[in-house]
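Observations on the three-dimensional arrangement
One letter stands for each residue in the lines below.
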Amino acid sequence: MRTILTETVHTFRKLFAIICGFLKKIWRIIKHTLRRLKSRVPRFWGIHARPGFRLNLILAILPFALLIIVYLSASGYRLAQNPDDKLLPSISKMVNAVNKYAFTPDDKTGTYIMLDDTLASLSRIGIGIILSAVTGLVIGLNIGIYRGFRSLSLTFVNFIAIIPPLAILPILFISFGTGELGKIMLIFIGTFPMITRDVYLTVKKIPEEMITKSLTLGASQLEIPWRIIFPQVLPKLIDSIRLSLGAAWVYLIASEAIASQNGLGYRIFLVRRYLAMDVIIPYVVWITLIGFLVDLSLIYLVRGAFRWYSRE
Amino acid sequence: MKRIIIGLFVFTLLFATGCQQDKPTFKLAWSHYTGWEPWAYAEDAGIIAKWADKFGINIEVVLVNDYIESINLYTAGEFDACTMTNMDGLTIPAVGGVDSTVLIIGDFSNGNDGIVVKNGGSVSDLKGREIKLVQLSVSHYLLARALEMNALTEKDVTLVNTSDADIGTLYLSDTSPTATIVTWNPILMQVRDAPDTTVVFDSSSIPGEIIDLAVVKTDAPESFKKALTGAWYEVMTHMQDGHPKYNEAIEFMAKTAGGTVDEFKAQLKTTAMFYEAAEAVDFNKSAKLKETMEYVRTFSFDHGLYAEAESKDYVGIEFPDGSVLGNQDNVKLRFDVTYMQMAADSKLE
C-alpha cells in the first residue's frame, strides 16, 4: 500500500515537473515573441539601433529616391512654365542626349563621343594618380625612415602641400604645355603631397621596437624598408589613393575645362556654352558612377590582399 | 526660446512690410566687354537710379564675371535683362524657350575679334594648324566665316577648346611656330604685337555680324524697358568727345575694363558703337541683319547648339518689320526698335 502511494506521488511529481517544464517553455516562447514584437533593440533610432537587412536596403535607397523626386517635381514645375527649359531637363530629354552621345557614332569622327571622352579622362587621371602614388610612396618612405632625408624634405613637402594647384595653373600650363602632360602634372602636383605625408605618418607609427628587433635579428639597412616597412605601408597607400581621387577628379575637370580637345570635363564645359543640362547631368552621373566603382574596387582590393589591415 | 520665436516673428513681419513698401526691383546682368562697360558707368554715375526713379522702379545692375554664366543665369530666370551677343542670344535663351527681346543694339564688333597667327600671313595658312579658341563662341563663328570665305572647312584644322581667361597667356608662352588663336578684345590687343604675329582675319571683314546687345525678357514691364533704354542713351551722350563728362566717363570705363585710357580708346576704335539711337534703329531695320541672323542660325544649328531641335526653323526670330525667320509659332528672339525709336525721338520721358 505504502509503496503504491509513494509511487503515485512520485508519478504525480514527475507529471507536475513535465507540465511545469512545458509551461515554462511556452512562457519563454511567448516572452521571446513578445520581446521581438516589442523590439527592445531599436531598429532605427538611437545608439543601439540595428537595422535589419531589408530596412538597411530601404534606408540606403531613400535619399536617392528623395533626390529624384525633388528633381522630377522641380523639373516638372519649370517645364510646365516653359517646355523648352534647359536648366532642369526631363528624363526623356536626358535619355535622348545619352543616346546621342553614348550610343550613336559621331558624324565627324565616326566614334562614340562619350566613350572617347571617358577613355581620355581615365587615362589622364590614371597616369596622374599612379605617378603621384609612386612618387608619394618613395618620398614618404624615405622621409619616414631616414632622418637625414626627413630634415631635407619634410618641411618642403609640407610647404608644397599647401599651395593651391589651381592658383598656379597658368604656370603649370606654360611649363608643361596644354597637352596631356600639363593635365597630368596638375593632377600629380595636386595629389602627391598628401600621399607623401600619409605614407610618412604611417611609417612614423610603426613601433621603434619592431625595427630594433629586426636589426637585432640581422636585417640590413635596405631590408628594413623593403621587408618590414613597405608591406605595412602598402594598404595605407591604397587608402590614401582612395581619398586623393576626389581631388584628382577636381583637377582633371579643371584642366580639361581650360584647354582640351576631348575628355569628360571638356564636354561638360563645351556644352555649358548653350546650357545643355540634358548632356551635363548624365555626364555628372557617369563621373560619379565611375568614381564610386573605382573606390569600391580599391576597398575590395585592400580587403582581399591585406586581410590583416582591414580587420583592424 | 519664446523670445527667439517672438523676435523672429517680429523680424519677418518687419521684413514683409518692408518689402511691400519697396518699388518693384528688376535686375540687369552684365559682363566685361568694351561695349558693355557703359553699364558700369551708368550705375556708378547714378544714371540708372535716375531713370529707374523716373519710372517708379528699382534697377539692380549686377556684374557677373563670367560671360556665359551671366547668360545662363538670365536664361534660368535669375535676371530680367542681360548683355550678350546676337549668337548667344539666339542659342541660349531663345532656344531655351525664354522669350527675349533685343532692347538695345549697343555696337557691333568691327575688329574686336580676330584670328591671331604666328608665322603666317593669310587665312589659308591656317590649314593643318591647331587652333585654340573658345569653341561655340563668336570666335568659333568668326573662324567658320573666315574659313568659308577662303574655301576651307573646319575639317582642315584642329580645334582646342580654351578658356578665354588663359588664352592670351597661353599664346604668348607658346613655343610652337604654328601657334594660332582666335580671341577678342582686350586679349586681342595684348597679343597682336607679339613677335612674328599677324592678325590674318578680324571682325571688320564681316562687319555687323557679331552684334552686342542688351536683351530683356519680352514680358518685362514697359517701365523697365524704358528706363534701361533711357539710361543707356544718356551714357552714350557722355561717351562722345566734347561732352563735359566725356573724360570722366572714359576714365571710369577704362578702369573697370582693367586697362589704361589709351587702351580703352583703342578698343573703342574697333567697336562700332551706335552712339545715336537713330543709327541703331537703322541698323536694326536693315536687310543685312536678316542675312546675318541666317548665317548665325545656320552655324548654330550645324554645331549642335539647337540641342534636339530637328531644324534651324525650330525657333522664330522676329524683325522690326514683323517678318519672322523660322517658326512663326515659336518666336523667341525679337529685334524690336520700339524703345530705341522712342529714345531717338526723345519720347522716353
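Refer to the structure presented above.
An account of the accompanying structure is given in this report. Keep in mind it's a predicted model, so treat the numbers as computed, not measured.

**Overview of the overall build of chain B**
- Looking only at helices and strands, chain B has 14 helices and 14 strands in total.
- On C-alpha atoms alone, chain B measures out to a radius of gyration of 22 Å, which is about the 20 Å that the 2.2 N^0.38 rule sets for 349 residues.
- For chain B, the residues scored as buried account for 55% of the 349 residues in total.
- In chain B, the proportion of contacts linking residues at least 24 apart, taken out of those at least 6 apart, comes to 76%.
- Put simply, chain B shows about 14400 Å² of open surface, and 52% of that area lies on carbon and sulfur atoms.

**Let's talk about the packing of aromatic side chains**
- For the structure on display, the rule yields 16 aromatic pairs over all chains.
- Ring centres 4.8 Å apart and planes at 5 degrees place the aromatic pair Phe188(A) and Phe192(A) in the stacked group. Of this pair, Phe188(A) and Phe192(A) are both found in helix α7 (residues 180-205), four residues apart, which corresponds to roughly one turn of the helix. Residue Phe188(A) shares its accessibility class with Phe192(A), and that shared class is buried.
- Here the aromatic cluster, defined as three or more aromatic residues joined through ring pairs, consists of Phe306(A), Trp308(A) and Tyr309(A).
- Against the face of Phe79(B) rests Lys27(B), its NZ or CZ located 5.2 Å from the ring centre.
- When the ring centre of Tyr295(B) is taken as origin, the NZ or CZ atom of Arg145(B), which lies over that ring, is 3.7 Å away.

**Some remarks on the side chain of Arg145(B)**
All names here are of chain B.
- Checked against the element boundaries, Arg145 lands in helix α6 (residues 138-149).
- Residue Arg145 is classed as buried on the basis of its relative accessible area, which comes to 7%.
- Dropping the residues within four chain positions of it, Arg145 is found in contact with Ile206, Glu209 and Tyr295.

**Brief notes about the interface of chain B and chain A**
- Chain B puts 36 residues into the contact, and the matching count from chain A is 25 residues.
- Of the roughly 2600 Å² buried between chain B and chain A, counting both surfaces, carbon and sulfur atoms make up 51%.
- On the surface where chain B and chain A come into contact, there are three salt bridges.
- A salt bridge links Arg272(A) to Glu69(B), with the shortest nitrogen-to-oxygen separation between them at 2.9 Å.
- At the surface where chain B touches chain A, the tally comes to 13 residue pairs in polar contact (both at pLDDT 80 or more).

**So, the nonpolar core**
- Core analysis: the largest hydrophobic core is formed by 162 residues, its most contacted members being Trp39(B) and Ile115(B).
- For this core, the element with the most residues is helix α9 (residues 223-258) of chain A, which contributes 13 residues.
- Sequence-distant contacts of Ile115(B), defined by excluding residues within four places in its chain, comprise Leu126(B), Leu142(B), Leu143(B), Ala146(B), Thr180(B), Ile181(B), Val182(B), Thr198(B), Val199(B), Val200(B) and Phe201(B).
- Of all hydrophobic cores here, the second largest spans nine residues; its members include Ile167(B), Ile187(B), Val191(B) and Ala194(B).

**What about the pairing of strand β5 (residues 113-118) of chain B?**
All names here are of chain B.
- Taking burial as the measure, the six residues of β5 include six buried ones, the bulk of the element.
- Alternating positions in β5 separate into two faces, Asp113, Ile115 and Val117 on one and Gly114, Val116 and Lys118 on the other, with burial throughout.
- With five bridges joining them, β5 and strand β8 (residues 180-184) adopt antiparallel strand pairing. Counted as the bridge partner of Val117 is Thr180 from β8.
- One ladder, built from five bridges, connects β5 with strand β9 (residues 197-202); its direction is antiparallel. The residue of β9 that forms the bridge with Lys118 is Thr197.

**Focus on helix α2 (residues 53-81) of chain A**
All names here are of chain A.
- Spanning 29 residues, α2 covers 43 Å between terminal C-alpha atoms, matching the ideal 42 Å at 1.5 Å per step.
- When α2 is considered as a whole, its buried residues turn out to be Tyr71, Ser75 and Leu79.
- Against the buried residues of α2 lie α3 (91-102) and α11 (277-305).

**Remarks on the packing of α6(B) against helix α13 (residues 287-302) of chain B**
All names here are of chain B.
- At a minimum axis distance of 11 Å, the contact between α6 and α13 shows a crossing angle of 105 degrees. On the basis of their axis angle, the class for α6 and α13 is roughly perpendicular. Taken together, the residues of α13 that come into contact with α6 (itself represented by His140, Tyr141, Ala144, Arg145 and Glu148) are Thr292, Tyr295, Val296 and Phe299.
- Within the contact of α6 with α13, the residues separate by chemical class into five nonpolar, two polar and two charged.

**Here we look at the environment of Tyr309(A)**
Residues and elements named next belong to chain A.
- Relative to the elements of secondary structure, Tyr309 occurs in helix α12 (residues 307-310).
- Judged by its relative accessible area of 16%, Tyr309 is buried.
- Taking the C-alpha atoms as reference points, Tyr309 and Phe16, 293 residues apart in sequence, are found 58 Å from one another.
- Those residues within four positions of Tyr309 in sequence are excluded, and the remaining contacts are Pro235, Lys236, Asp239 and Val302.
- Polar side-chain contacts of Tyr309 include one of 2.8 Å to the side chain of Asp239.

Rules used throughout
Residues numbered from 1 in each chain as written. Chains lettered and ligands numbered in written order. Predicted model: local features only at pLDDT ≥ 70, side-chain atom pairs only at ≥ 80, totals over all residues. Heavy atoms only, no water. Helix = DSSP H or I, 4+ residues; strand = E, 2+ residues; numbered from the N terminus. Rg over C-alpha atoms; globule rule 2.2 N^0.38 Å. Buried < 20%, exposed > 50% of the residue type's maximum accessible area, 1.4 Å probe, protein only. Contact = heavy atoms within 4.5 Å. Areas by Shrake-Rupley, 256 points an atom, 1.4 Å probe, with all protein chains shown as cover. Phe/Tyr/Trp six-rings, centres within 6.5 Å; stacked < 30°, edge-to-face > 60°. Lys NZ or Arg CZ within 6 Å of the ring centre and 35° of its normal. Buried area = accessible area lost by both parts, 1.4 Å probe. Salt bridge = Lys/Arg side-chain N within 4 Å of Asp/Glu carboxyl O. Polar contact = N/O pair within 3.5 Å; in protein donor to acceptor, adjacent residues only side chain to side chain. Core = buried A, V, L, I, M, F, W, Y, C linked by side-chain atoms within 4.5 Å. Pairing = 2+ DSSP bridges. Expected span 1.5 Å × (residues − 1). Axes fitted to C-alpha atoms, helices over the stretch in contact; angles between N-to-C directions. Parallel < 35°, antiparallel > 145°, perpendicular 65-115°, else oblique. Nonpolar A, V, L, I, M, F, W, Y, C, P; charged D, E, K, R; others polar.

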